[in-house]
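A closer look at the structure
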There are 2 protein chains.
Amino acid sequence: MTLIKESSTIQENKSQAFVACPVTFVMEKIGGYWKPIILFNLLSGSKRYSELKKSIPAITEKVLIQQLKQLEGDGLLIRKSKPVVPPYVTYELSKSGKALHPVLYAMAEWAVGNSGKLSKTFSKQMKDFPL
Amino acid sequence: MTLIKESSTIQENKSQAFVACPVTFVMEKIGGYWKPIILFNLLSGSKRYSELKKSIPAITEKVLIQQLKQLEGDGLLIRKSKPVVPPYVTYELSKSGKALHPVLYAMAEWAVGNSGKLSKTFSKQMKDFPL
DNA sequence: TAGTATACACACTTTAGGGTAAGTACTTGT
DNA sequence: ACAAGTACTTACCCTAAAGTGTGTATACTA
């Protein structure tokens, strides 16, 4: 995790917007490209690290843990590990993580309605959407 | 606008996730850091370029137009310009842009409920939330 | 005549995020 | 003896996003 330069204008700009706009606050937490996908995959319940990997084949291991750590740090999910060999680690949504359900759901609904050709694919996914 | 290298693994990864996950589809459209904020500011109605700039002081001009162009390109908003001097350009949400309202609203609600100290600030903003 | 306002455009630099590849520790299966 | 599985970690590199600064056309105003 590379440190953030204090003089970074980007960060200053972000923190400006951050206090002013609730939507930006959300983007700070789940704005990373993979985060919504990870949360989406955890909506259906707790999963092992390896299960997540299988669910999201396109993500690399480094990025997956990186994002998981950040989400954990932001209190959106909870990591549970059993002290066994081989390791057994599960991730599940925290209370505020679960509270994101309406957001993810609204996103998915919008995708279904506004994706044109893809809508059929998405509609299938929506059938499995955990309500 | 720099061209995207076809061999880019990132893009391949993204397009993989893109077809598989509705949430990712949404992130493709509004995933940029500033896009939700811009959309949020346009929810209340059409605005001139300069008004947007004032509403979002932290964004630079370059990034603002860049994002506006992308949003326009993705069909989320409509640009209208009057052929006068000085120029008079307004931006407003398109139909699918307006359809994002539930998403933005869900985000804002989540922010109000999960921001701790900031919740008061956000609650004030929510009073002005265009329903 | 110089200044102001508007909505950009362009070139250049910085930064954060993400990708690649390799390694670790320990046990179980062949 | 050796590979395989598990959940990571580390070091290095590349790219896309974002920031900085300057320029432009035109009309109105002081």
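For the structure itself, consult the block above.
Throughout what follows, the structure given in this document is the object of discussion. Just so we're clear, the structure is a prediction, and the values are computed from it rather than from any experiment. (Residues numbered from 1 in each chain as written. Chains lettered and ligands numbered in written order. Predicted model: local features only at pLDDT ≥ 70, side-chain atom pairs only at ≥ 80, totals over all residues. Heavy atoms only, no water.)

1. Focus: helix H7 (residues 101-114) of chain A
Rules: Here a helix means four or more residues in a row that DSSP labels H or I, a strand means two or more in a row labelled E, and each is numbered from the N terminus. Expected helix span is given by 1.5 Å per residue-to-residue step, counting one fewer step than there are residues. Relative accessibility under 20% of the residue-type maximum defines a buried residue, over 50% an exposed one, and the middle range a partly exposed one, all with a 1.4 Å probe and only protein chains included. Note on contacts: a residue pair qualifies if any of its non-hydrogen atoms lie within 4.5 Å across the two residues.
Taking 1.5 Å of rise per residue, 14 residues should cover 20 Å, and H7 of chain A covers 20 Å from first to last C-alpha, within 8% of that figure. All buried positions along H7 of chain A are accounted for by His101, Val103, Leu104, Ala106, Met107, Ala108, Trp110 and Ala111 of chain A. Its buried side turned inward, H7 of chain A meets helix H3 (35-42), helix H6 (95-98) and helix H8 (119-127) of chain A together with helix H2 (22-30), helix H6 (95-98) and helix H7 (101-114) of chain B. Phi turns positive one or two residues past the end of H7 of chain A, at glycine 116 of chain A, with a value near 65 degrees.

2. So, the packing of aromatic side chains
Put simply, the rule reads: Planes of paired rings set the category: under 30 degrees apart is stacked, over 60 is edge-to-face and the rest tilted, where pairs are Phe, Tyr or Trp rings (Trp by its six-membered ring) whose centres lie within 6.5 Å. A positively charged side chain is recorded as over a ring if its NZ (Lys) or CZ (Arg) lies within 6 Å of the ring centre. The angle to the ring normal must also be within 35 degrees.
The final tally for this structure, using the stated rule, is four aromatic pairs over all chains. For the pair phenylalanine 25 of chain A and tryptophan 110 of chain B, a centre-to-centre distance of 6.0 Å together with 35 degrees between the ring planes defines the contact as tilted. You can see phenylalanine 25 of chain A sitting in helix H2 (residues 22-30) and its partner tryptophan 110 of chain B sitting in helix H7, one on each of two chains. Here tryptophan 110 of chain B falls in the buried class, since its relative accessible area comes to 4%. Every member of this aromatic cluster is reached through a ring pair, and the members are Phe25 of chain A together with Trp110 and Phe122 of chain B. Seen from the ring of tyrosine 88 of chain A, lysine 82 of chain A lies directly overhead, with NZ or CZ sitting 4.4 Å from the centre.

3. Re the side chain of glutamine 67 of chain A
Relative to the helices and strands, glutamine 67 of chain A resides in helix H5 (residues 61-73). Discounting chain neighbours no more than four positions away, the residues touching glutamine 67 of chain A are Trp34, Lys35 and Ile38 of chain A.

4. Some thoughts on the pattern of salt bridges
Residues and elements named next belong to chain A. Going by this rule: Salt bridge, as used here: a side-chain nitrogen of Lys or Arg that lies within 4 Å of a carboxyl oxygen of Asp or Glu.
Going through the model one piece at a time under the given rule, you end up with four salt bridges over all chains. Taking the shortest distance from any N to any O, the salt bridge between lysine 80 and glutamate 92 comes out at 2.7 Å. Of the two residues, lysine 80 sits in strand E2 (residues 77-82) while glutamate 92 sits in strand E3 (residues 88-93), which places them 12 residues apart along the sequence.

5. Focus: the interface of chain A and chain B
To keep it simple, the criterion reads: Defined in terms of a 1.4 Å probe, buried area is the accessible area two parts forfeit on being brought together, summed over both. The term polar contact refers here to a pair of N or O atoms within 3.5 Å; inside protein, the definition further demands a hydrogen-donor-capable atom paired with an acceptor-capable atom, and it admits residues adjacent in sequence only when both atoms are side-chain atoms. The residue classification treats Ala, Val, Leu, Ile, Met, Phe, Trp, Tyr, Cys and Pro as nonpolar and Asp, Glu, Lys and Arg as charged. All others, Gly included, are polar.
Each partner contributes residues to the interface: chain A has 43 residues there, and chain B has 43 residues. Buried surface at the junction of chain A and chain B, summed over both partners, amounts to about 3,800 Å²; 80% is from carbon and sulfur atoms. Connecting chain A to chain B are zero salt bridges. Along the contact surface separating chain A from chain B lie two residue pairs in polar contact (both at pLDDT 80 or more). Contributing elements (two or more residues each) for the side of chain A that touches chain B: helix H1 (9-20), H2, H3, H7 and H8 of chain A. Along the lines of polarity and charge, the residues of the side of chain A that touches chain B split into 30 nonpolar, 10 polar and three charged.

Functional significance is not addressed by these values, which are geometric in nature.
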